Amino acid sequence: MLNYKLLVAGERGIALRLDIGVPEGLALDEADLTVIIGNLLDNAIEACNGVPQEGRYIGLSFHCRRDYLVVQIENPVAPDNGGAGGIGQTSKPDAENHGFGLRNIEYLVNKHSGLMQVDRQNDTFRVNLALAVRPKTE
């Protein structure tokens, strides 16, 4: 899934800044992680579509620190793309059927005793997550 999303980003002219260092054998539900990363990348790709080609990028990092998997993603957003209600709100006209991505992520972060920070400064959007993990036992 990660490779597919990154391929889509590349096809849309989005520069990728990846820093991924995760050891094998973490006890973390793969389906939950897929939903989290899929939603984050979908949101970032969509936001980049509203930015001039030369300014498009996605910065994505994964690292383990102590008992947490730390995920950070950053991307530019158009100056007028704050969503109808601000951070975490969809900017799509059909808001009733969209805008669930960050809420789904927040639910899963809470499920994994984690932390989530969403921030927009100027024209840059960032999400930082920390998910509690532990090494798999044999």
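Residues numbered from 1 in each chain as written. Predicted model: local features only at pLDDT ≥ 70, side-chain atom pairs only at ≥ 80, totals over all residues. Heavy atoms only, no water.

J.: Break down empty space enclosed by the protein for me, citing the residues and quoting the values.
T.: A complete count under the given rule lists one cavity of 30 Å³ or more for this structure. Around the largest cavity, the lining residues are Leu40, Asn43, Ala44, Ile73, Asn75, Leu102, Phe125 and Val127. Breaking the lining of the largest cavity down by element, the ones donating at least two residues are helix H2 (30–49), strand S3 (68–76) and strand S5 (124–132). In terms of residues, the lining of the largest cavity owes the most to one element, H2, which gives three residues. Its residues placed into classes, the lining of the largest cavity shows six nonpolar, two polar and no charged. (1 Å grid on protein atoms, 1.4 Å probe; cavity = no way out; pocket = protein on both sides within 12 Å on 5 of 7 lines; lining within 4 Å. Points joined across faces, edges and corners; volume = space filled by probe spheres on them. Helix = DSSP H or I, 4+ residues; strand = E, 2+ residues; numbered from the N terminus. Nonpolar A, V, L, I, M, F, W, Y, C, P; charged D, E, K, R; others polar.)

J.: Break down the nonpolar core for me, with residues and values.
T.: One finds Ile36, Leu40, Ile58, Val71, Ile73 and Leu129 to be the most contacted residues of the largest nonpolar core, which totals 30 residues. Elements with a contribution of two residues or more to this core: helix H1 (2–11), H2, strand S2 (57–65), S3, helix H3 (101–111) and S5. Element by element, the count of residues in this core is highest for H2, at eight residues. (Core = buried A, V, L, I, M, F, W, Y, C linked by side-chain atoms within 4.5 Å. Buried < 20%, exposed > 50% of the residue type's maximum accessible area, 1.4 Å probe, protein only.)

Honestly, that's just the spatial picture; any functional story needs more than this.
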